[in-house]
Amino acid sequence: MSTPLLLSDYDYTLPPELIAQTPAARRDASRLLRLDPQAQLHDMHFSQLPALLRPADLLVFNDTRVIKARLFGIKHSGGKIEVLVERILSGTEVLAHIRSSKSPKPGSGIRLADAFDAEVLGRDGALFHLRFPADALSLLDQHGSTPLPPYIEHSPDAEDDSRYQTVYAREPGAVAAPTAGLHFDEAMLDRLAAQGVARAFVTLHVGAGTFQPVRAERLEDHVMHAERYTVPAATLEAIAQARAAGGRVIAVGTTSVRALESAAAQLAGKAPPPGQAITGDTRLFITPGYRFHYIDALITNFHLPQSTLLMLVSALAGVEPIKRAYAHAVAERYRFFSYGDAMFIESPAA
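- As recorded in an unreviewed UniProt entry, the protein goes by the name S-adenosylmethionine:tRNA ribosyltransferase-isomerase, listed as coming from Kerstersia gyiorum.
- Database annotation for the protein, UniProt heading Function (unreviewed entry): "Transfers and isomerizes the ribose moiety from AdoMet to the 7-aminomethyl group of 7-deazaguanine (preQ1-tRNA) to give epoxyqueuosine (oQ-tRNA)."

Below, the structure is given as structure tokens:
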């Protein structure tokens, strides 16, 4: 019988002042900690990333776009309310988290941003099913605010609207940024293309559950939040081409990993249907012992203690190498989390 994976094995002490509250002056100005295939650590800068990549390597980016998902308002019955849209279901209907002194009842109304009224249709687990009076995405663009993570202590401003978004974002639907991609600017993408590094895209709409703590001590008892993903046929073809040319598949961010590996699980060893995207909802929970199907390396930020994302990077690099890397990052005063510095993790098998 295998030893159970325990939450307590994925903890570390982080001085609060190392949590980045604002982005670096330039997207590529962050630091980069390389964890190489021999589990050795190298202190670098993100601008040096092209030196770590080879012609025929493939970078896979998540092109989701963060929506202005947070709204404030009042219930028709009285009382303040905060709404965080988790998913747009249709033109006018959404699923949302609601914070208020008392949960609104089905059939009740809420006034949002002092601009429009929404109707509470019912519940879907912990989420509320709401109907907006017009196109939900348009109303959010006009009246919502950028949903910064809970550990960022300032209210979102114009800089956040720009910098908490990748330069290649195009598919609206995320309530949290795929933060590894925040380090790339157009100049960096052009440099990589010029040296023969290919790029492809997936879409995974990051949900607020990415910030939810794991509460089960045994990891096998944890249930992941669901997120919608799409892996285009062109991306699967690009992976095959990279493999044939001897290149590596390098995911930009844990969300790209989860999209690709969810597609692999859905295919279950079968060849992908020609020309068809792989799409669905995923609750894939990647923990040590997982066998990766597509990924050779990962560009990622530093993750919260006891988070599912810390477990994912431990699955790729090994638990002990990640513990050493994080201890090193703390000692060397790297910046952590969404607006923080980055890691380049190369699989021991790469």
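Structure's up, so let's keep going.
1. Some words on the overall build of the protein
Here is step 1 of the chain: Helix and strand counts for the protein stand at seven helices and 17 strands.
Here is step 2 of the chain: In terms of overall dimensions, the protein is globule-like: its C-alpha atoms have a radius of gyration of 20 Å, near the 20 Å expected for 350 residues.
Here is step 3 of the chain: Looking at the protein as a whole, 54% of its 350 residues are labelled buried.
Here is step 4 of the chain: Residue pairs at least 24 apart in sequence account for 75% of intrachain contacts in the protein once pairs closer than 6 positions are excluded.

2. Thoughts on the nonpolar core
Here is step 1 of the chain: Counting residues in hydrophobic clusters, the biggest one holds 70 residues, and the most contacted among them are Y164, V231 and F336.
Here is step 2 of the chain: Per-element accounting of this core gives the leading share, seven residues, to helix α6 (residues 308-317).
Here is step 3 of the chain: Discounting chain neighbours no more than four positions away, the residues touching V231 are V202, L236, A259, L260, A263, A277 and I278.
Here is step 4 of the chain: V83, I110, A136 and L139 belong to the second largest nonpolar core, which has 23 residues in total.

3. Notes on the pattern of salt bridges
Here is step 1 of the chain: By the definition in use, this model includes 19 salt bridges.
Here is step 2 of the chain: The residue D281 makes a salt bridge to R228 at a minimum N-O spacing of 3.3 Å. A residue pair is termed long-range when its members are at least 10 positions apart, and D281 in strand β15 (residues 278-282) and R228 in strand β13 (residues 227-231) qualify at 53 residues.
Here is step 3 of the chain: Take D281: its relative accessible area is 43%, and that puts it in the partly exposed class.

4. Concerning the domain arrangement of the protein
Here is step 1 of the chain: Looking at the protein, the domain boundaries give domain 1 (7-66 + 160-346) and domain 2 (70-143).
Here is step 2 of the chain: Taken together, the ten residues of domain 1 in the interface contact six residues of domain 2.
Here is step 3 of the chain: The junction of domain 1 with domain 2 conceals about 500 Å² of combined surface from both sides, 50% of it contributed by carbon and sulfur atoms.
Here is step 4 of the chain: Among the residues of domain 1 in contact with domain 2, P172, V175 and A208 are the three that bury the most area, contributing 57% of the side total.
Here is step 5 of the chain: Summed over the shared surface of domain 1 and domain 2, the number is one salt bridge.
Here is step 6 of the chain: The shortest N-O distance in the salt bridge between D281 and R87 comes to 3.2 Å.
Here is step 7 of the chain: In this structure, the connection of domain 1 to domain 2 is made through two residue pairs in polar contact (both at pLDDT 80 or more).
Here is step 8 of the chain: For the side of domain 1 that touches domain 2, the elements supplying multiple residues, two or more each, are β11 (171-174) and β13.
Here is step 9 of the chain: Partitioned by chemical class, the residues of the side of domain 1 that touches domain 2 number four nonpolar, three polar and three charged.

5. Let's talk about the sheet that holds strand β16 (residues 297-301)
Here is step 1 of the chain: Spatial strand order, β2-β1-β17-β16-β14-β3-β12-β13-β15: nine strands in an open sheet with mixed pairing. Only two strands of the sheet have a single partner each, and these edge strands are β2 (41-45) and β15. Averaged over all neighbouring strand pairs, the angle between strand axes comes to 20 degrees, with direction disregarded.
Here is step 2 of the chain: Sheet topology note: the β13/β15 ladder contains five bridges and is antiparallel. When the bridges of β15 are listed, E227 appears paired with T282.
Here is step 3 of the chain: Sheet strands in contact with helix α5 (residues 254-267) are β3 (58-62), β12 (198-204), β13, β14 (249-252), β15 and β16, and its direction is about 75 degrees off that of β13.
Here is step 4 of the chain: Packed on one face of the sheet, α6 meets β1 (31-35), β16 and β17 (342-346) and runs near 150 degrees to β16.

Analysis parameters
Residues numbered from 1 in each chain as written. Predicted model: local features only at pLDDT ≥ 70, side-chain atom pairs only at ≥ 80, totals over all residues. Heavy atoms only, no water. UniProt positions renumbered as here; feature names shortened; annotations may be inferred. Helix = DSSP H or I, 4+ residues; strand = E, 2+ residues; numbered from the N terminus. Rg over C-alpha atoms; globule rule 2.2 N^0.38 Å. Buried < 20%, exposed > 50% of the residue type's maximum accessible area, 1.4 Å probe, protein only. Contact = heavy atoms within 4.5 Å. Core = buried A, V, L, I, M, F, W, Y, C linked by side-chain atoms within 4.5 Å. Salt bridge = Lys/Arg side-chain N within 4 Å of Asp/Glu carboxyl O. Domains from an automatic or database assignment. Buried area = accessible area lost by both parts, 1.4 Å probe. Polar contact = N/O pair within 3.5 Å; in protein donor to acceptor, adjacent residues only side chain to side chain. Nonpolar A, V, L, I, M, F, W, Y, C, P; charged D, E, K, R; others polar. Pairing = 2+ DSSP bridges. Axes fitted to C-alpha atoms, helices over the stretch in contact; angles between N-to-C directions.

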